[in-house]
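Structural overview for review
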Amino acid sequence: MDPSRPHIALLPSAGMGHLIPFSRLAASLSDLCTVTMISILPTVSTAESRHFTDFFNSYGKIHPLYFQLPPLDSLAYPNTDPFFLRWTRIIETASDIFSHLLKSAPVPISAIITDSAAASAILPLAKSNGIPCYVLFTSSAATLSFFKYFPTYQDSNPVSIGNVEVPGLRTVPVASLPRPLHDPSHLFTQTLIGNSLSMVKSDGIIVNTFEYLEPDSLAWLRGEHSPPVIAVGPLPPVKMATSTVPTVPTWLDEQPESSVVYISFGSRTAMSKEQIRELGLGLEASSCRFLWVIKTSVVDTGDQTELSQLLGEGFLERVKDRGFVTKGWVEQDDVLRHKSVGGFLSHCGWNSVTEAAMHGVRVLAWPRMGDQRINADVVARSGLGLWPDNWSWEGEEGLVNAAEISHRVKEMMSDENLLKTAQKVGEAARSAAMPGKGLAELVRKFEGFA
Ligand code: UDP
Ligand code: UDP
C-alpha cells in the first residue's frame, strides 16, 4: 500500500442494490487511492456473498476487511424485511464495526464512505475520531432531495402524511412515498429520519447520477450549499476476473437486433404468483420477444418454486420460440448492453435506472416499493422511459392485468420517439462517465486529508 495516497474505507450495508454501487465506487477509486472495503458477515443473500468473493478475487489491490456480526434470532422478527433488519443491526453494532476498522486498517484511514442506511451511527463515530466522513447515497438525487427535506416536513406534520412539497423543487405525491413512511412511528420512518439528519452533517454526499438525468434535483441540492453533493455517475460496472455466477444467456445472441424486452424487478422485489401469471400472459399477448428474470422471494435462498408451476401449464412451451425465462441471476449490465435488447420493463431500483441510462435502453417503469416511484418519475421526466403511474404497488390490492401489460409493452417497443430520447440519455450518460469529473472532484477532496 502506498502511504502517500489517501486511504479510503467503504462501508456498504446490505442488499445488492447497495453492494453494487459501493463496489463500483471502490473499483473506480482504487486506481487513485488506497481502498479498504468492509464486508459484514454473514451476508443476507447468496448473491451478496458471491459478489464479495468475485470482487475481492478480481481486485487484489482492494483490502478486504471482514466483520462478523453476532448471531441474531431472526425468528424473533418474522415479518420484517431481512434487508431492513440488517440495516438496523449494522446501526446497532456500528461502534464495534468502527473499532474493528480502526484496529485492523493496514494504514491510517484518511476518510470513510458510509452507506446512507448506516449514516446515523457511523457519522458521529467518524467525527469523534477526527476522520472525515462521506455518504454514498444509493438512490437518485430526486430521492436524496426528498430525504433531505422529509425531517422538516415531519416536524410540521407529526401525525399524518400527505403530498410532500419539497420547496423550490417539486411535490412528491403521497402515493409515491415508501409505504412505511405513512406511519410516523414505524421503525423505517425513524431510521430514515435519523439517517437523513446525519447525512447533512457529513463532509459530502456522493450520488451515482449525472447532470442530464437529474438537472433539477442536482441544482436544488447544490443550492442548499451544504454538504457538497458530488454526482459521480454513471459509475462503470466492475470487471470480474473470475465469476461464480453465469453471465448472459446465450439465447440472446440468436435474437434479432433491438427485438427483446428484458424484464426484471431487481435483486429483492418478489412478485405474487397471481401477478406473475398475469405478467406472463401479457408478455405472451404482446407478441414481443422477451428475457424474463423472475423472483418469488425477497431473499434468493428462499426461492424454491419451479418455473412451470409458477407460470401455469403450457406457458413455457407456448412461448419457447420467443421467450426465455429464468429464476437465476443474470449479469444485468451485460444484458442491457446486448444488441438484441430493445426495452426494459423495470422496477426502477436506482442501479437498474442508471444501467438502462448508460446503454440508452428504453424503460417501461413498474415501481413496486420504496424509492422506486420517485425514481420512475426521473425516468419519465428525462425521456428514458414510460411510467403508467396507475399501476399497483406495495400494500395495494389489485393486479395489473395481462391486456394492460401487453398494451404498454407494445407501446414502449414501437415508440420511435422514445427510442430517440432514450438514446440521447445514453449519449449523455456515456459522456458523463468518460471524463470522470465527479470522481476527480472527490479524489481531490480526499487528497486534502492524505
Ligand atoms: N442485478 C443483476 N442481475 C439480476 C438482478 C439484479 O445483475 O438478476 C443487479 C442489477 O444490475 C443492479 C442490482 O442488481 O445493479 C439491483 O439494484 P437495483 O437498485 O436496480 O434494485 P434492488 O435490487 O436494490 O431493488
Ligand atoms: N434508506 C436510508 N435510510 C433508511 C432506509 C433506507 O437512507 O433507514 C435509503 C436506502 O439507502 C435507499 C433508499 O433509502 O437509498 C430507499 O430505500 P428502499 O427501502 O427503497 O431500499 P433499497 O431500494 O435501497 O434497497
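Residue positions are given per chain, counted from 1 along the sequence in the order it is written. Here chains are named by letter from A upward and ligands by number from 1 upward, in the order in which they appear as written. pLDDT decides what is reported in this predicted model: residues at 70 or higher carry local features, side-chain atom pairs at 80 or more are listed and counted, and totals for whole chains, interfaces and linings draw on all residues regardless. Hydrogens and waters are ignored; side-chain quantities use all the structure's heavy atoms.

**Things to note about the domain arrangement of the chain**
What the domain assignment lists for the chain is domain 1 (7–239 + 434–447) and domain 2 (250–430). Put simply, buried area is the surface a 1.4 Å probe can reach on two separate parts but cannot reach once they are joined, added for both. Between domain 1 and domain 2 the total buried area reaches about 2,900 Å² when both faces are included, carbon and sulfur atoms providing 61% of it. The term salt bridge refers to a pairing of a side-chain nitrogen on Lys or Arg with a carboxyl oxygen on Asp or Glu at a separation within 4 Å. At the boundary of domain 1 with domain 2, the tally comes to four salt bridges. One salt bridge in this structure joins Arg24 and Glu355, with 2.9 Å as the shortest N-O distance. Two N or O atoms form a polar contact when they lie within 3.5 Å of each other; inside protein one atom must be a possible hydrogen donor and the other a possible acceptor, and for residues adjacent in sequence the pair counts only when both atoms belong to side chains. Inspection of the region where domain 1 meets domain 2 yields twelve residue pairs in polar contact (both at pLDDT 80 or more). Working definition: helices are DSSP H or I runs of at least four residues, strands are E runs of at least two. Numbering for both runs from the N terminus. Listing elements by their share of the side of domain 1 that touches domain 2, those giving two or more residues are helix H1 (16–29), helix H2 (46–58), helix H3 (82–92), helix H6 (141–156) and strand E7 (170–172). At five residues, the largest contribution of residues to the side of domain 1 that touches domain 2 is made by H1. Split by residue class, the side of domain 1 that touches domain 2 holds 21 nonpolar, ten polar and six charged. How far each domain reaches was decided by an automatic or database domain assignment. Basically, the charged four are Asp, Glu, Lys and Arg, the nonpolar ten are Ala, Val, Leu, Ile, Met, Phe, Trp, Tyr, Cys and Pro, and anything else, Gly included, counts as polar.

**Some points on the site of ligand 2**
Around ligand 2 sit 14 residues in total, of which His18, Phe147, Asn195, Arg268 and Asp371 are the nearest. Side-chain polar atom of Thr138 to an oxygen atom of ligand 2: 3.1 Å apart, as the coordinates give it. Relative to its unbound accessible surface of 500 Å², ligand 2 loses 92% to contact with the protein. When residues in the shell around ligand 2 are grouped by element, the largest group, four residues, is from helix H7 (residues 187–199). A domain split of the shell around ligand 2 shows at least three residues from each of domain 1 (7–239 + 434–447) and domain 2 (250–430). Residues are counted as near a molecule or strand when any one of their heavy atoms sits within 4 Å of it. Here, Shrake-Rupley sampling with a 1.4 Å probe gives the accessible areas, and only protein chains in the shown set may cover a residue.

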